[in-house]
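Report on the structure
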Amino acid sequence: MIRPFLDLKVENAPYRQEIAQAIDSVLKSGQYIGGEAVERFEHNLASATQVSHAIATSNGFDALRLTLSAMVELGKLNKGDGVIVPANSFVASALAISQCGMEPVFADVDPTTMNLSAQTILKALRPTVRAIMPVHLYGNVCWDEDILHVVQKHNLLVIEDNAQALGAKSCHSPGINGTWMAGGLGHAAAVSFYPTKNLGALGDAGAILTNDPLLASTIRKLRNYGGEDHYNNELIGYNCRMDAIQATVLDAKLKHLDEINLHRAKQAAIYNSLIINPAISKPQLPGDGSHIYYQYVIKTPKRDELKSYLQGLGIGTAVHYPLPIHKQPCYQQYSDLSLPEVERLSRQILSLPLGFGVDLEYQKFVAEKINKWATI
Ligand SMILES: *Cc1c(COP(=O)(O)O)cnc(C)c1O
């Protein structure tokens, strides 16, 4: 029997009562899409992330697409523009850029943070680039003075992919507006509430965060067929709204986000102290709130061997992500591109289990087995 990497039933169990009450309130309200429950969640999400506008959406991918489309609608971006994106992200980051008629400009990452750095951004920079999409991969905030400086010097738009770091804050430098929370560092941010994320819904859901009122109102229109009111379509929009059920469930869980994030941070620190195999490279744990440990990712050159060794002992692990985006079949035209750090990481990374389904005993068991693993 293999213990799964993640069991969502267990992750939601502590909040079962609150979730059931939330769902019942929606059932009784008769308002199932948008409405008060969604507005309440938007309000609470905006205050939790210290931004002036939160717009609830159907999922994180649509949040990215709506943000980029609204920027095109407002003339801030044009079709054909380049948007720098790290090639080790989840594929959705790049797909959103392509679907909005722009070009993903794949960048390498810093091998320690596994995120974009000022250096890798500058290396990817070319005249067509008008924006960057920092991805706070694994929950680790991608932001510092040097990135801010590059953004200001080259007048770049910043669209954060904050699918993995809700509740984290930048600890090196404030964002372009002087605030510190992930999701408020750039011009806009996309959030995902996919069920596996630290703040997970019971289905698909996402949100956009921004301090720009015009961008927010344009996104609100695009979210609802191009008009905020019924039967008044100003723009060629989409249907990317959030269900009321997801909004109330998320609103109930949002109160516990810090507790969820802290629990994972503690578990990450435990792994870091227990794992002592020299063949394993452990993640840097800033310990200052700039990492919320969506994933705890170790590295080893013989990753596949380690993964199957652990699997043989009943320990489920995961790889986020096994194939860099520029090597995906849908991006064939970029397959000759060489991004050495991203490509090396894709062969070396392994995510260990975290969350409420993992107790100290299991962490000790996992660490002990990893410590006993010998590479020949
Ligand atoms: C989960 C995720 C997305 C997509 O979010 P969905 O809600 O699944 O559409 C985008 N980018 C990153 C980095 C993600 O982890």
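Now for a description of the structure that goes with this document.

Here is what the cut-offs are and how they apply
Residues numbered from 1 in each chain as written. Predicted model: local features only at pLDDT ≥ 70, side-chain atom pairs only at ≥ 80, totals over all residues. Heavy atoms only, no water. Helix = DSSP H or I, 4+ residues; strand = E, 2+ residues; numbered from the N terminus. Rg over C-alpha atoms; globule rule 2.2 N^0.38 Å. Buried < 20%, exposed > 50% of the residue type's maximum accessible area, 1.4 Å probe, protein only. Contact = heavy atoms within 4.5 Å. Areas by Shrake-Rupley, 256 points an atom, 1.4 Å probe, with all protein chains shown as cover. Near = heavy atom within 4 Å. Polar contact = N/O pair within 3.5 Å; in protein donor to acceptor, adjacent residues only side chain to side chain. Nonpolar A, V, L, I, M, F, W, Y, C, P; charged D, E, K, R; others polar. Phe/Tyr/Trp six-rings, centres within 6.5 Å; stacked < 30°, edge-to-face > 60°. Patch = residues over 30% accessible without salt bridge, like charges linked within 9 Å, V, L, I, M, F, W, Y side chains within 5 Å. Salt bridge = Lys/Arg side-chain N within 4 Å of Asp/Glu carboxyl O. Pairing = 2+ DSSP bridges. Axes fitted to C-alpha atoms, helices over the stretch in contact; angles between N-to-C directions. Right-handed = clockwise from strand over helix to strand, strands pointing away. Expected span 1.5 Å × (residues − 1). Arc of directions from axis to C-beta. Parallel < 35°, antiparallel > 145°, perpendicular 65-115°, else oblique. Left-handed = near helix turned anticlockwise from the far one by under 90°.

1. Describing the overall build of the chain
Helices and strands together make up the secondary structure of the chain, namely 13 helices and 9 strands. Taking 2.2 N^0.38 as the reference for a compact globule, 376 residues should give roughly 21 Å; the C-alpha atoms of the chain span a radius of gyration of 21 Å, in line with that estimate. With respect to the principal axes defined by its C-alpha atoms, the chain has extents near 65 × 55 × 40 Å. A total of 376 residues make up the chain; the buried ones form 55% of that total. Contacts in the chain between residues far apart in sequence, at least 24 positions, make up 72% of those at least 6 positions apart. Summed over its atoms, the accessible surface of the chain is roughly 16200 Å², and 53% of this surface lies on carbon and sulfur atoms.

2. Things to note about the site of the ligand
Taken together, 16 residues surround the ligand, and among them Gly60, Asp161, Gln164, Ser192 and Lys197 come closest. Between the ligand and glycine 60, the relevant distance is 2.7 Å, taken from an oxygen atom to a main-chain nitrogen or oxygen of the residue. Take serine 192: an N or O atom from its side chain is 2.7 Å from an oxygen atom of the ligand. The fraction of the free accessible surface of the ligand (380 Å²) that becomes covered by protein chains is 92%. Taken together, the elements giving at least two residues each to the shell around the ligand come down to helix H4 (60–73) and helix H5 (92–99). Considering only residue class, the shell around the ligand consists of 8 nonpolar, 6 polar and 2 charged.

3. Some words on the packing of aromatic side chains
Tallied over the full model, the rule gives 9 aromatic pairs. Summarising the aromatic geometry, the rings of tyrosine 15 and phenylalanine 356 are spaced 6.2 Å apart at their centres and angled 70 degrees between planes, so their arrangement reads as edge-to-face. Of the two residues, tyrosine 15 sits in the loop between helix H1 (8–12) and helix H2 (16–29) while phenylalanine 356 sits in the loop between strand E9 (349–352) and helix H13 (360–372), which places them 341 residues apart along the sequence. Classification of phenylalanine 356 by relative accessible area gives partly exposed; the value is 27%. Judged by centre distance (6.2 Å) and plane angle (25 degrees), the ring pair of tyrosine 362 and phenylalanine 365 falls under stacked. A residue pair is termed a helical-turn pair when its members lie 3 or 4 positions apart in one helix, as tyrosine 362 and phenylalanine 365 do in helix H13 at 3 residues. Grouping aromatic residues by their ring pairs yields a cluster made of Phe106, Tyr331 and Tyr334.

4. Regarding a nonpolar patch on the surface
Residues Leu27, Tyr32 and Ile33 make up a contiguous nonpolar surface patch of about 310 Å² in total accessible area. Positionally, tyrosine 32 belongs in the loop between H2 and helix H3 (36–48).

5. A few points about the sheet that holds strand E3 (residues 103–107)
Taken together, the 7 strands give an open sheet; going across it, the order is E1-E7-E6-E5-E4-E2-E3, and neighbouring strands pair in mixed fashion. The open sheet has two edge strands with one neighbour each: strand E1 (53–57) and E3. Across the sheet, the mean angle separating the axes of adjacent strands is 25 degrees when strand polarity is ignored. Pairing analysis gives 3 bridges linking strand E2 (residues 82–86) to strand E4 (residues 129–132), with the strands arranged parallel. Its bridge partner being in E4, glycine 82 is matched across the sheet by valine 129. With respect to the sheet, H4 is in contact with E1, strand E5 (157–161), strand E6 (188–192) and strand E7 (206–210), its orientation differing from that of E6 by roughly 160 degrees.

6. Considerations on the pairing of E3
Within E3, 4 of the 5 residues are buried, leaving the element largely enclosed by the surrounding structure. Judged from the 5 bridges that link them, E2 and E3 form a sheet pairing that is parallel. Paired with glycine 82 across the strands is glutamate 103, a residue of E3. The handedness of the E2 to E3 crossover, carried by H5, is right-handed.

7. Digging into H3
Helix length check: H3, at 13 residues, gives a terminal C-alpha distance of 18 Å against a target of 18 Å (1.5 Å per residue), a fit within 8%. Turning to H3, its buried residues are Ala37, Val38, Phe41, Glu42, Leu45 and Ala46. End-on view of H3: buried residues confined to an arc of 165 degrees, all on one side of the axis. Seen from the open side of H3, the exposed residues pointing more than 90 degrees away from its buried face are Glu36, Glu39 and His43. Looking at the buried side of H3, the elements it contacts are E1, E7, helix H8 (213–223) and helix H9 (244–254). Immediately beyond the C-terminal end of H3, within one or two residues, lies glutamine 50, with a positive phi of roughly 55 degrees.

8. Concerning the packing of H4 against H8
Axis separation between H4 and H8 bottoms out at 9 Å; the angle between their running directions is 115 degrees. Looking at the two axes, H4 sits roughly perpendicular to H8. Of the two elements, H4 crosses H8, and the hand of that crossing is right-handed. Taken together, the residues of H8 that come into contact with H4 (itself represented by Leu66, Thr67, Ser69, Ala70, Met71 and Glu73) are Leu215, Thr218, Ile219, Leu222 and Arg223.

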